[in-house]
Amino acid sequence: DKIICGLEEILHDMETGILVCDPSSEDIHTFVESELIKRIGVAGKSLHTARSRNDQAAVDLRMYVKEEITQTVTLLKLLCKVIADKAELYSMDIMPGYTHTQRAQPITFGYHLISYAMMFLRDIDRCNDAYDRMDVSPLGACAFAGTSYPIDRSMTAKELGFDHASENSMDAVSDRDYVLETAFINSAIMMHLSRFAEEMILWSSWEYKFIEISDGYSTGSSIMPQKKNPDMCELVRGKSGRVFGDLMSLLTMMKGLPQAYNKDMQEDKEAIFDSIDTVKICLMVFSGMLGSITIFKDNMKTAAKKGFINATDCADYLTGKGIPFREAYRITGELVAACIKNGTTLEELSLDQYKKHSTLFENDIYDAVDLGKCVEKRTSKGGTGGIAVKEQILYVREKLLNV
């Protein structure tokens, strides 16, 4: 009881600035112990019974990473909610979909947005899976071989909020898999954010002008008054490399270590602290930035009318008339080539021009190549049709309630 009261006083004094860690102490553990002995006397000398700095540090780090990964999940859920809300607002607004950064098929902006929510949902799952694996208390492992004192490791595990105590003491003090796994998850999150940031950078350029990033998340040029730079997107994209580097540092630090504890392991702190802090601030910034963007629906629709992104639907139309797809593909390619030569589009071709390439074309071809109908008829699970997108948004929202 004296030890507990004494430690609570020390914690209060350190948090309020009354007590400052003495830099001449060997480390924080010895400083706290010596301060405790000063305050409560000989009872303080019992503090270190059946403990080692090895298992203490392992316990502290696990508790920290558990708390932080829970906060990361909260931030990921917020971002997914922002994405779902935006996707619902723009679930019917047509834009070009791209492969190889070339216009490919018509989709909706809401469909494009909700695809990113699927990435972040996987990140949430990874966080929760990792949490379950790290929910193991090393306390009582001592240096690495356990102790002869009759301690109750299950009790201390429960008191500290762990699901159970570690099964092997040597592994308990030398395991940093949970740090590595968290650093990997953070790298995956940053990779996803970086991809999203890159698209927002492109979309906000004059060449696209699909969106405008609000003033709060962009800056002007020092000499060019017309510029509005997507600084927050670029910083998120750049910081992904920093988080990847943290993961590589941790992997390299661990790769040659024999059992059990080695001093190399103290290098895990700086890397995982930086990884976690960077991810959290990037998630916070991204949610705010995405929630405040302005969408230019007409520009998206205009872009979708260019690039013959309804050509696949033209080929599908012919296939539906009984022509093998490869033949339909060839005929449509000829139509596209003719359009390019004459500066027109598939929608603008006359029926006579269509019939020059195949007598199977009828007036219903105009319905087949209408962008809105091209999008809406893609009702397969996971497709870009309005009903399918609503199902995807519902899936994301239901998932968020259960993770």
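Anything mentioned here points back to the structure above.
Described below are features of the structure shown in this document. (Residues numbered from 1 in each chain as written. Predicted model: local features only at pLDDT ≥ 70, side-chain atom pairs only at ≥ 80, totals over all residues. Heavy atoms only, no water.)

### A short note on the overall build of the protein chain
Move 1: Looking only at helices and strands, the protein chain has 16 helices and six strands in total.
Move 2: Scaling as 2.2 N^0.38, a compact globule of 403 residues should have a C-alpha radius of gyration of about 22 Å, whereas the protein chain reaches 30 Å, well beyond that.
Move 3: Here the analysis covers contacts within the protein chain between residues at least 6 apart in sequence; of these, 72% occur between residues at least 24 apart.
Move 4: When the accessible surface of the protein chain is totalled, it reaches about 20,800 Å², and 55% of it is carbon and sulfur. (Helix = DSSP H or I, 4+ residues; strand = E, 2+ residues; numbered from the N terminus. Rg over C-alpha atoms; globule rule 2.2 N^0.38 Å. Contact = heavy atoms within 4.5 Å. Areas by Shrake-Rupley, 256 points an atom, 1.4 Å probe, with all protein chains shown as cover.)

### Quick look at the packing of aromatic side chains
Here the distance between the centres and the angle between the planes together describe a pair of aromatic rings.
Move 1: Per the stated rule, a full pass over the model turns up eleven aromatic pairs.
Move 2: Here F109 and W203 contribute two aromatic rings whose centre-to-centre distance is 5.4 Å and whose plane-to-plane angle is 65°, an arrangement assigned as edge-to-face. One end of the pair, F109, is in helix α4 (residues 109-134); the other, W203, is in helix α7 (residues 177-203), and 94 residues separate them in sequence.
Move 3: Overall, W203 belongs to the buried group, its relative accessible area being 3%.
Move 4: For the ring pair Y354 and Y366, a centre distance of 5.9 Å and an interplane angle of 85° mean the geometry is edge-to-face. Note that Y354 is positioned in helix α13 (residues 351-355) and Y366 in helix α14 (residues 365-368), a separation of twelve residues in sequence.
Move 5: Residue class for Y354 comes out buried when judged on its relative accessible area of 0%.
Move 6: A relative accessible area of 27% places Y366 in the partly exposed class.
Move 7: Every member of this aromatic cluster is reached through a ring pair, and the members are Y317, Y354, F361 and Y366.
Move 8: Sitting over the face of the ring of F162, K66 holds its NZ or CZ atom 4.3 Å from the ring centroid.
Move 9: Directly above the ring of Y329 sits R326, whose terminal nitrogen or CZ lies 5.1 Å from the centroid. (Phe/Tyr/Trp six-rings, centres within 6.5 Å; stacked < 30°, edge-to-face > 60°. Buried < 20%, exposed > 50% of the residue type's maximum accessible area, 1.4 Å probe, protein only. Lys NZ or Arg CZ within 6 Å of the ring centre and 35° of its normal.)

### Notes on the nonpolar core
Move 1: Counting 68 residues, the largest nonpolar core has I83, L193, F196, M200 and I211 as its most contacted members.
Move 2: Elements with a contribution of two residues or more to this core: α3 (53-89), α4, α7, α8 (231-254), α9 (268-291), α10 (297-304) and α16 (386-401).
Move 3: The residues touching F196, leaving out its near neighbours within four places in the chain, are I83, L113, Y116, F120, W203, F286 and L290.
Move 4: Formed by 20 residues, the second largest nonpolar core is a distinct cluster that contains A311, V336, L349 and I365. (Core = buried A, V, L, I, M, F, W, Y, C linked by side-chain atoms within 4.5 Å.)

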